[in-house]
Amino acid sequence: MTGPLAGILGGPPPQAPPRRSEVGRNLVATLALAVVLGMAAHVIELRPLELVRDVGNIGVFLKGYLRPSFGNIGEYSWQCVVTVCIALWGTLVALAISIPLGLLGARNLSPHPVVYFLARRTMDVLRAVNEFVFALMFVTAVGLGPFAGMLALGIHTGGVLGKLLSETVEGIDPGQAEGVTAVGAGRLHVIAFGVVPQVLPNFLSYVLLRFESDIRSAAVIGMVGGGGIGFYLWDTIRSFKDGEAATVILLIVAMVMCTDIMSARIRRAAI
Amino acid sequence: MSAATSPVVILERVSRRFGSQAALDRVSACIRPGEFVAVIGRSGAGKTTLLRCLSRAIVPTDGVVRMGGQDLRPLAGRALRAHRARVGVIYQQFNLVKRLRVLDNVLIGRLPHVRGWRGYAALLGFFERGQRDIALACLDHVGLVARTWQRTDTLSGGEQQRVAIAKLLAQEPQLILGDEPVASLDVANGALVMETLRRIASAAGLTVISTLHHVEYARRYADRVLGLRAGRLVFDGAARDLDDAAIREIFGALPEAGTDDLELTPLPEPALVTG
């Protein structure tokens, strides 16, 4: 060192305390990961050469899709509207489920460890069961149609949003909430004034993301009888009406793109 | 607002342990209504622990804290909220809800005074006109009415602490606790906040018990000083009796350069700002 601080920091460098080498640990971790990936490749029958060899078959399959037929486009468009409605109400039902569950399932807000545990496990179950399984269940209860699909989406998404909400609540700045608790406000007031303002921007963002995801799910939930465009997707593919199927797929892509653009706008405006 | 006379605060051999560490060790004191009490000591001497025992954020492991004759230990639920409502707390980090507007933060101070169905209306942000008028009057008292509709985190630190004082006024407490209320403010704002607290306290006859990082603040604004060292009360006397011997007793050896003890540098030296 030669600068003005040389007088202070000069002299021989001190001996740093010994540090354990991490090379061995990293090597073991890398090898373990490689072994797991190799075994997984075997399990899923990963054979890239077959993909290269038979890639032409996909072309044969796709040929029929190159000429979309627009004969039924009116009905398909209406089913897209139905799909959006399923997603809208599904997200609303999800909100009604996720807000109480998410608040009770946040460690720093839950009134009792047992309540916390129950809320967390309920959300786990709702998330673990796929919306298609829920749809099959609700079809037996309320019959085929969009109502069953909406319920299935709402309940599954309720578990997802509840989990996200509880994690967001656990990440709040406790000082801001303490400022409300300390004046002697009741529990609901602490939530409304100390917690909600802190979690609102993130939670709104999550809700919009899940709404986009619900649109995509709603577009296929008709396959299991949940109403919407999904029924026609399944029907046209299964009966080899390639032109019709192409139209349905085009409409779904357009619908998903539109909702993504719109929700991005809402997010920008609101947050 | 009604002028409230503060309850007598009595500490009887109050101890508080965290694990094997004694943060407070048999502290006894009687604080008369209207006293302005500064609690000083090094970091970790137990100042904040003492304050948290008074706000009933924590319960002493031993000893009794009485406020107006009431033992704080058994308080729970509604009674605990009533205790919190009569004790106003002002923090180093202000503890305002940053994304709310200034007026909303002051209205939070009114929450314990909103009862019945109006409480549910308040959940949605609806307050009676009378409550809003009180909140506005409190904002006016600290000279921040112009900021009413601004988001709180757009204000400077000094302004936020004044909003916190407006919130404190709106709460109509019978006693004020300060947890390093000026430690994160510059000299001018710190003095302004201390003077406002002092004025409010003497006008309404309110007790103020505040930890203060800086001895000079204690000398200038407090009537009485409690000095803590390693959890024990080593000084209890009038602020004017806080001489060098007393300071050595509280802080140990006079601090050297390079330690974290800025408490002894005189105000308003720039040394405070570097802290």
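Residues numbered from 1 in each chain as written. Chains lettered and ligands numbered in written order. Predicted model: local features only at pLDDT ≥ 70, side-chain atom pairs only at ≥ 80, totals over all residues.

Q: Explain the overall build of chain A to me, using residue names and the numbers behind them.
A: Helices and strands together make up the secondary structure of chain A, namely twelve helices and zero strands. Counting from the amino terminus, chain A carries its helices and strands in the arrangement α-α-α-α-α-α-α-α-α-α-α-α. For chain A, the spread of C-alpha atoms along the three principal axes comes to 85 × 60 × 40 Å. By residue count, 35% of the 271 residues in chain A fall in the buried class. Pairs at least 24 residues apart make up 72% of the contacts formed inside chain A by residues separated by at least 6 positions. (Helix = DSSP H or I, 4+ residues; strand = E, 2+ residues; numbered from the N terminus. Buried ≥ 20, exposed ≤ 12 C-beta atoms within 10 Å, placed from the backbone. Contact = placed C-beta atoms within 7 Å.)

Q: Before we move on, could you go through the overall build of chain B and cite the residues and values that matter?
A: Along chain B, the regular secondary structure elements total ten helices and ten strands. Relative to a compact globule of 275 residues, whose C-alpha radius of gyration would be 19 Å, chain B shows 19 Å and is just as compact. In terms of its C-alpha atoms, chain B occupies a principal-axis envelope of roughly 55 × 45 × 35 Å. The buried share of chain B, reckoned over its 275 residues, is 42%. By sequence separation, contacts in chain B at least 24 residues apart represent 69% of the contacts at least 6 residues apart. (Rg over C-alpha atoms; globule rule 2.2 N^0.38 Å.)

Q: So, the interface of chain B and chain A: which residues are in play, and what are the values?
A: On the side of chain A, 17 residues touch chain B, which itself brings 20 residues to the contact. The greatest single-element share of the side of chain B that touches chain A, amounting to four residues, is contributed by helix H2 (residues 77–86) of chain B. A breakdown of the residues in the side of chain B that touches chain A according to their chemical character gives eleven nonpolar, five polar and four charged. (Nonpolar A, V, L, I, M, F, W, Y, C, P; charged D, E, K, R; others polar.)

Q: Quick rundown of the nonpolar core? Include the residues and the values.
A: Grouped together as the largest cluster of nonpolar side chains are 134 residues, with contacts concentrated most on A:Ala152, A:Ile229, B:Val37, B:Val106, B:Ala166, B:Ile176 and B:Ala218. When residues of this core are assigned to their parent elements, the largest contribution, 14 residues, is made by helix H10 (residues 187–221) of chain A. (Core = buried A, V, L, I, M, F, W, Y, C linked by C-beta atoms within 7 Å.)

Q: Please set out the sheet that holds strand E1 (residues 9–18) of chain B residue by residue, giving values where relevant.
A: Read across the sheet, four strands follow the order E2-E1-E4-E5 (chain B) without closing on themselves; strand pairing throughout is antiparallel. With partners counted over all chains shown, the strands left at the sheet margins are strand E2 (21–31) and strand E5 (70–71) of chain B, one partner each. (Pairing = 2+ DSSP bridges.)

Q: I'd love a proper account of the domain arrangement of chain A, names of residues and values included.
A: When the parts of a complex come together, some accessible area is lost, and that lost area is often taken as the interface size. What the domain assignment lists for chain A is domain 1 (25–66) and domain 2 (67–270). In this structure, domain 1 of chain A and domain 2 of chain A have C-alpha centres spaced 32 Å apart. (Domains from an automatic or database assignment.)

Q: So what's going on with unusual backbone geometry? Which residues, and what values?
A: Excluding glycine, residues mostly carry a negative phi; peptide bonds, for their part, are mostly trans. Not every positive phi belongs to a glycine, and A:Glu45 is a case in point at roughly 55°. In this structure, A:Glu45 sits in the loop between helix H2 (23–43) and helix H3 (48–53). For A:Glu45, a count of 7 C-beta atoms within 10 Å puts it in the exposed group. Positive phi is not limited to glycine here, since B:Glu172 has a value of about 50°. You can see B:Glu172 is positioned in the loop between helix H6 (157–171) and strand E7 (175–179).

Q: Quick rundown of the pairing of strand E9 (residues 224–229) of chain B? Include the residues and the values.
A: Residues and elements named next belong to chain B. When you tally the buried positions in E9, you get five out of six residues, the bulk of the element. Bridge analysis of strand E3 (residues 36–40) against E9 gives four bridges, and the strand direction is parallel. What sits directly across from Ala38, in E9, is Val225. With six bridges joining them, E9 and strand E10 (residues 232–238) adopt antiparallel strand pairing. By the bridge assignment for E10, Gly227 is matched with Phe235. Where E9 folds back onto E10 in an antiparallel hairpin, the turn is made up of two residues, including Ala230, whose phi is positive at roughly 50°.

Q: Can you break down the sheet that holds E10(B) residue by residue, with the values?
A: All names here are of chain B. An order of E6-E7-E8-E3-E9-E10 is seen for the six strands of this open sheet, with the pairing classed as mixed. Each end of this open sheet is capped by a strand with a single partner; those strands are strand E6 (87–91) and E10. The sheet shows a mean angle of 15° between the axes of neighbouring strands, direction not considered. Bridge count for E6 against E7 is five bridges, and the pairing is parallel. Across the sheet, the residue bridging to Gly88 is Ile176, located in E7. (Axes fitted to C-alpha atoms, helices over the stretch in contact; angles between N-to-C directions.)

Q: Give a description of the confidence of the model for chain B that names residues and reports values.
A: All names here are of chain B. On average, chain B scores 84 in pLDDT, and the residues at 70 or more come to 90%. Averaged pLDDT values over the elements of chain B bottom out at 34 in helix H10 (residues 271–274) and peak at 93 in helix H3 (residues 102–108). In the predicted structure, residues 265–275 sits below a pLDDT of 50 and forms 15 contacts with residues beyond four places in sequence or in another chain. For this predicted complex, the interface confidence comes out at an ipTM of 0.82, alongside a pTM of 0.79. (pLDDT = per-residue confidence, 0-100.)

Q: Give a detailed account of the environment of B:Asp71, specifying residues and quantitative values.
A: All names here are of chain B. Along the chain, Asp71 falls in strand E5. Sequence spacing of Asp71 and Arg26 is 45 residues, and the spatial spacing of their C-alpha atoms is 17 Å. Setting aside residues no more than four positions away along its own chain, Asp71 makes contact with Val64 and Arg66.

Q: Could you give an account of the pairing of E6(B), with specific residues and numbers?
A: In terms of residue burial, E6(B) counts as a mostly covered element, since five of its five residues are buried. Side chains B:Val87, B:Val89 and B:Tyr91 project from E6(B) onto one buried face, and the interleaved B:Gly88 and B:Ile90 project onto a second face that is buried too.

Q: Give a detailed account of the packing of H10(A) against helix H12 (residues 242–270) of chain A, specifying residues and quantitative values.
A: Between two packed helices, the angle of one axis relative to the other and the distance separating the axes together describe the packing. Residue and element names in this part refer to chain A. Between H10 and H12, the shortest axis-to-axis distance is 10 Å and the interhelical angle comes to 170°. Taken together, the axes of H10 and H12 lie roughly antiparallel to each other. Together, Leu204, Ser205, Leu208, Phe211, Glu212, Ile215, Arg216 and Ala219 of H10 and Ile252, Met255, Val256, Thr259, Asp260, Ser263, Ile266, Arg267 and Ala270 of H12 make up the contact between the two elements. Here the residues of the contact of H10 with H12 are counted per class, giving ten nonpolar, three polar and four charged. (Parallel < 35°, antiparallel > 145°, perpendicular 65-115°, else oblique.)

Q: So what's going on with helix H9 (residues 174–181) of chain A? Residues and values would help.
A: Every buried residue of H9(A) is accounted for by A:Gln176, A:Ala177, A:Gly179, A:Val180 and A:Thr181. Residues of H9(A) that are buried in the fold lie against H10 of chain A together with H3 of chain B.

Q: I'd like to hear about the environment of A:Ala264, residue by residue, with values.
A: Residue placement: A:Ala264 occurs in helix H12. With 167 residues separating them in the primary sequence, A:Ala264 and A:Ile97 have C-alpha atoms 24 Å apart.

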